[in-house]
Structure formats: C-alpha cells, structure tokens
Amino acid sequence: MKFIIGNWKMYPSSLKEAKFIFGGIKKVARGVTRAKVVLCVPALFVAPLVVLGGKSKMSVGGQNCHKDDEGARTGEISSRALKSTGATYVILGHSERRAMGETNADIAEKTVGALRNKLITILCVGEKERDEHGGYFTEVSNQLRASLALFPRNASKQLIVAYEPIWAIGSSAKRVATPADFREMSILIRRYLAEHFGKKAAFAIPVLYGGSVDDLNAEGFLREAEADGFLIGRVSLNPEKFGEVIRLANSVKPR
Ligand code: PEP
C-alpha cells in the first residue's frame, strides 16, 4: 500500500473551501485500492471533513498535538481531542514546527500522547542542508534516535516516517530532491528503524518522501526509489494534481 498524505498547513482559510477541495480529492480517491489517502488538515476542519469523508476510505489527520490529554494550555490541541473529532493520523516534527522551537525531546513526548490515543504518527525528519562531508546523515540519524526515544518497540504499526529535506520543501526550495537522494536516505532510515524495531517490523514501516512533490516528478520516486508514498504540501490543495499523484501511486505495485 502506498501512502499519499497531504499536509494542508494553514490552508485554506475557510471551511467552505476546505470542503470543496476535500470533495474533489474524494472523487479521485474513489476506486483506488493500492493507495491510502490521508489529509492532514487544520484542526478546526477535522470533524466536518471526517463527516464529509463518510464511508470513503480516505482518512483525516492533524498537523501537531500537545503531549498531554488536557490541561491549562491555552491554544493547544491534545491528541485525545484530535482523536475524538475523528482524526486517525497526526504529523509530528514537521520542519515548520521545528523552526518554531520544537525539539526532538518535545516530539518524543508527543509520540507517546499520539500512541496513547491511537493516532498513527507521521514523523518528519530531514536535514537543513546537504554538506559535502555527509554530515546530513548524522543530522537525520540524530533526529530519528531522539524523536523515537520513547516509542515502544512493539508499536511499529503506529508509525510512518516522512523524509523531508528542508532545502527541497516549499516555494523557496533550492531544488527538488532526486529519487537517488531519497533512496540513499531511505536506506539509512530503514537501517535505524531496524535497530529500534527489529528487521521485520522495520521493513513494514512506510518511509515516505516529502518536498515539492507534484504530478510530474512523483513517478520517479515511486518507481526508481521505491518510495512508500509521499507527504505533500502545496499540491495537496490542488485536487487535479494531487489526484494524478494518487492515480500514479495506485498504478505501482506495492513493494
Ligand atoms: C511540506 O511542507 O511538508 C511539503 C512537503 O511541502 P511542499 O510539498 O509544498 O514542498
């Protein structure tokens, strides 16, 4: 199964538009059997979009959660509250949240809350820059080790890892990563996951690519680099292009 996950970030700015985009993607996702579509949307939109999703196999997720289930934490959203609105996934450790000061230790605590409330964690890792000496491998290994420090060995089915090199994300991206860039890093990620969860469990954990994915470059990552899917920002708000990525993923044999 390939995972096609959209990260809507703080878009769109109205529920009406959110429903329109969601409805467009739902139409494409109908009849798709080899790709799992998940939309991680602004928290306020989770409940209405879960209702709109109805019996479709699409899932809805959050983009962050607090480590605690409740408390005097003005403006925060707990994983328990997310779950109660129908979310089944949550993105943790996105680079935009890390840039706001979120540490690996914070992320590790959040994974515990997510697990406690039966949300699947989509853990984002990725280096800021690629240096000539391969320091980026150490950067990503350290992120994995510290963010998964509290993640139980027997809970691997509750985890998805998204490799998102920061230099390849968003409209200011330096360049799009190549399938070879992803392949190399996915080997390192899986090696680390094997140390933590054991070889067999690690093999089953989806490792996704994220960073300027669109309908034109998706196929290379799926076929050449055997990506288990994508975490997609901008294009996930465009039902036509996102739909094309879903179709492509559905046409590729699972690993
Ligand atoms: C992201 O921010 O997670 C992302 C992958 O964004 P984009 O696809 O727009 O590069």
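Residues numbered from 1 in each chain as written. Predicted model: local features only at pLDDT ≥ 70, side-chain atom pairs only at ≥ 80, totals over all residues. Heavy atoms only, no water.

Chemist: Just to check I follow, could you spell out the overall build of the protein for this structure?
Modeler: Helix and strand counts for the protein stand at 10 helices and eight strands. Its C-alpha atoms give the protein a radius of gyration of 17 Å, near enough to 18 Å, the size a compact globule of 255 residues would have. Taken along its principal axes, the extent of the C-alpha atoms in the protein is 50 × 45 × 35 Å. Evaluated residue by residue, the protein yields a buried proportion of 53% over its 255 residues. Considering only intrachain contacts with a sequence separation of at least 6, the fraction spanning at least 24 residues in the protein is 73%. Counting only carbon and sulfur atoms, one obtains 55% of the accessible surface of the protein, whose full area is about 12,100 Å². (Helix = DSSP H or I, 4+ residues; strand = E, 2+ residues; numbered from the N terminus. Rg over C-alpha atoms; globule rule 2.2 N^0.38 Å. Buried < 20%, exposed > 50% of the residue type's maximum accessible area, 1.4 Å probe, protein only. Contact = heavy atoms within 4.5 Å. Areas by Shrake-Rupley, 256 points an atom, 1.4 Å probe, with all protein chains shown as cover.)

Chemist: Where do I start with helix 5 (residues 104–116) in this structure?
Modeler: A turn of α-helix holds 3.6 residues, and therefore any two residues three or four places apart point the same way. Here helix 5 is 13 residues long and its end C-alpha atoms lie 19 Å apart, about the 18 Å a rise of 1.5 Å per residue gives. When helix 5 is considered as a whole, its buried residues turn out to be Ile107, Ala108, Lys110, Thr111, Gly113, Ala114 and Leu115. The inward-facing, buried residues of helix 5 contact helix 3 (79–84), strand 4 (89–92), helix 4 (95–98), strand 5 (120–125) and helix 6 (135–147). Just downstream of helix 5, Lys118 is the residue with a positive phi angle, here 60°. (Expected span 1.5 Å × (residues − 1).)

Chemist: So what exactly am I meant to see when it comes to the layout of surface pockets here?
Modeler: Gaps left between atoms show up when a probe the size of a water molecule is rolled over them. Within this model, the largest pocket holds a volume of roughly 540 Å³. Along the walls of the largest pocket sit 20 residues, with Lys9, Met10, Pro42, Gln63 and Arg97 positioned nearest its centre. Every element with two or more residues in the lining of the largest pocket is listed here: helix 2 (43–53) and helix 4. Of the residues forming the lining of the largest pocket, the biggest block, three residues, is contributed by helix 2. Residues belonging to the lining of the largest pocket are distributed by class as follows: 10 nonpolar, six polar and four charged. There is about 240 Å³ of room inside the second largest pocket. Lining the second largest pocket are 14 residues, with Ala29, Val32, Ser56, Lys57 and Met58 sitting closest to its centre. Among the elements that take part in the lining of the second largest pocket, strand 2 (residues 35–40) stands out by supplying three residues, more than any other. Across the lining of the second largest pocket, the residue classes break down as six nonpolar, three polar and five charged. (1 Å grid on protein atoms, 1.4 Å probe; cavity = no way out; pocket = protein on both sides within 12 Å on 5 of 7 lines; lining within 4 Å. Points joined across faces, edges and corners; volume = space filled by probe spheres on them. Nonpolar A, V, L, I, M, F, W, Y, C, P; charged D, E, K, R; others polar.)

Chemist: Help me understand the site of the ligand in this model?
Modeler: Neighbouring the ligand are 14 residues, the closest being Lys9, His94, Gly170, Ser212 and Arg234. Measuring from an oxygen atom of the ligand, one finds a backbone N or O atom of Ser212 at 2.8 Å. Separating an oxygen atom of the ligand from a backbone N or O atom of Gly233 is a distance of 2.8 Å. Expressed as a share of its isolated accessible area of 290 Å², the protein-covered part of the ligand is 99%. (Near = heavy atom within 4 Å. Polar contact = N/O pair within 3.5 Å; in protein donor to acceptor, adjacent residues only side chain to side chain.)

Chemist: Hey, could you run me through the packing of aromatic side chains in this one?
Modeler: Each aromatic ring pair is characterised by the separation of its centres together with the angle its planes make. Summed over the entire model, instances satisfying the criterion amount to six aromatic pairs. An aromatic cluster is built from Tyr163, Phe182, Tyr209, Phe221 and Phe230, whose rings are joined through pairwise contacts. (Phe/Tyr/Trp six-rings, centres within 6.5 Å; stacked < 30°, edge-to-face > 60°.)

Chemist: I'm lost on empty space enclosed by the protein in this one. Help?
Modeler: In this structure the tally under the stated criterion is one cavity of 30 Å³ or more. The calculated volume of the largest cavity comes to roughly 50 Å³. Contributing elements (two or more residues each) for the lining of the largest cavity: helix 4 and strand 5. The residue makeup of the lining of the largest cavity, split by class, is three nonpolar, five polar and two charged.

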